[in-house]
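Topology and contacts: notes
Spelled out from the first residue to the last, the chains are:
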Amino acid sequence: MINQDYFVNLAKEISGDAIQTVAVAAPYDDATLEALRNAVDLGFVKVQLVGEEDKILATAKKANLDISDMELIHAEDLADSAQKAVDQVKLGKANLIMKGLIDTSLILKAVVKKENELRTGKTLSYVGILFREDKEKYYLTSDGAMLIAPDLQQKKGIIENAVEVAHALGNEEPKVAMICAKEKYYEKMPATVDATELQKMNKNGEIKGCIVSGPLQFDNAVDAHAVEVKGVDDPVAGKADILVVPAIEAGNVLLKTAKYLGGWTFGGVVVGAKVPIVVCSRSDGESAKLVSIAAACMMAAKNGK
């Protein structure tokens with residue numbers, strides 16, 4: 001079954017002796033510090049806590065957490081926390097970045113600054129990791145947090161970023177479903193037009209390391225019974241590993257509906273920069289944050305090889 005231990009054990013196996021270091025901007029909430037404490041105790045990450053030292057120490061004391069083996073880097077305010085977390089990567093002292101109690105926009109503003117040298121020319125996108133303890137499968141979803149209405153080339157980047165995460169997690173040929181409201185090309189539905197073109201790009205070798213299919217409705221992407229009843233003949237149908245949505249609203253609703261009505265947990269990482277960036281909601285619990293750290297560590301370990 002897929003739970004946080006699955007991802008933790010995977011991170012330890014894939015990372016091996018290459019312990020990754022995470023620079024955490026503004027770690028002022030209990031869930032973030034608890035996840036970091038567990039990650040350190042489990043042996044797959046080292047931690048730099050970047051922010052106002054008094055606030056960090058007060059948060060740890062309130063949560064009754066020992067952070068004596070974590071490096072403290074003082075910052076004057078939230079913007080300074082973001083910049084100094086990025087600085088640690090730039091200086092080669094950290095392998096990944098994590099946001100604490102800080103707006104994602106502040107982290108990304110520091111990441112995209114030309115002088116910080118973290119841009120790669122790739123699309124920056126959010127990859128969600130959706131799992132539930134009584135299920136034998138997890139899903140990657142994108143993009144439900146960053147790109148509002150991606151065009152064709154941005155969707156190509158979204159797929160490539162999600163595939164990079166899948167590869168880091170050990171899935172060498174993930175099945176990618178382009179989620180739409182219809183399963184056939186329909187010129188009045190731009191998402192189906194893009195999905196058809198992206199499938200062609202995959203077959204032509206422009207998108208590598210995966211199998212892309214679409215347009216597919218959500219049920220036919222994930223449910224074998226629906227595929228059988230509807231007679232859908234498609235290599236991804238009922239077997240999707242990655243769910244790519246047409247716009248941010250669909251991705252946001254998908255993740256939060258699964259969480260609040262379906263009992264699933266999701267974490268996530270921002271991909272496309274030189275290092276992965278752990279981005280969790282302020283309302284996410286320790287498990288979501290721990291899994292997100294584990295996934296980012298696997299990506300960092302793979303990038304470092």
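Note that the structure is a prediction, hence the values are computed from the model and not measured.

Two aromatic rings are characterised by how far apart their centres lie and by the angle between their planes. Counting across every chain of the model gives five aromatic pairs. On the basis of an interplanar angle of 45° and a centroid distance of 6.1 Å, the ring pair of Tyr139 and Trp264 is categorised as tilted. Of the two residues, Tyr139 sits in strand E6 (residues 139-142) while Trp264 sits in the loop between helix H10 (248-260) and strand E10 (265-271), which places them 125 residues apart along the sequence. Trp264 matches Tyr139 in its accessibility class, with the two residues each being buried. Put simply, the rings of Tyr6, Phe7, Phe131 and Tyr138 touch in pairs and so form one group of aromatic residues. In this arrangement the basic side chain of Lys55 is found over the ring face of Tyr28, its NZ or CZ atom lying 5.1 Å from the centre. The residue whose ring lies beneath Lys182 is Tyr186, and the NZ or CZ to ring-centre distance is 5.4 Å.

Relative to each other, helix H2 (residues 30-42) and helix H11 (residues 286-303) sit at 50°, their axes nearing to 8 Å. In this view, H2 runs oblique relative to H11, as classed from their interaxial angle. Between H2 and H11 lies a crossing of right-handed hand. Only Glu286, Lys289, Leu290 and Ile293 of H11 make contact with H2, whose side of the interface consists of Ala31, Thr32, Glu34, Ala35, Leu36, Asn38, Ala39 and Leu42. Taken together, the residues that form the contact of H2 with H11 break down as seven nonpolar, two polar and three charged.

Under the feature "domain: Phosphate acetyl/butaryl transferase" (unreviewed entry), the UniProt entry names residues 78-295. The span residues 78-295 shows a helical share of 40% and a strand share of 17%, and its end C-alpha atoms are spaced 25 Å apart.

This part is about the pattern of salt bridges. Following the criterion strictly, the structure yields ten salt bridges and no others. With a closest N to O distance of 3.3 Å, Lys84 and Asp80 form a salt bridge. Here Asp80 and Lys84 lie together in helix H4 (residues 78-90), a separation of four residues that amounts to about one turn. Its relative accessible area of 26% is what places Lys84 among the partly exposed residues. Beyond isolated ion pairs, a larger network of salt bridges with shared partners links Arg37, Asp41 and Asp69.

Scoring rules and cut-offs
Residues numbered from 1 in each chain as written. Predicted model: local features only at pLDDT ≥ 70, side-chain atom pairs only at ≥ 80, totals over all residues. Heavy atoms only, no water. Phe/Tyr/Trp six-rings, centres within 6.5 Å; stacked < 30°, edge-to-face > 60°. Helix = DSSP H or I, 4+ residues; strand = E, 2+ residues; numbered from the N terminus. Buried < 20%, exposed > 50% of the residue type's maximum accessible area, 1.4 Å probe, protein only. Lys NZ or Arg CZ within 6 Å of the ring centre and 35° of its normal. Axes fitted to C-alpha atoms, helices over the stretch in contact; angles between N-to-C directions. Parallel < 35°, antiparallel > 145°, perpendicular 65-115°, else oblique. Left-handed = near helix turned anticlockwise from the far one by under 90°. Contact = heavy atoms within 4.5 Å. Nonpolar A, V, L, I, M, F, W, Y, C, P; charged D, E, K, R; others polar. UniProt positions renumbered as here; feature names shortened; annotations may be inferred. Salt bridge = Lys/Arg side-chain N within 4 Å of Asp/Glu carboxyl O.

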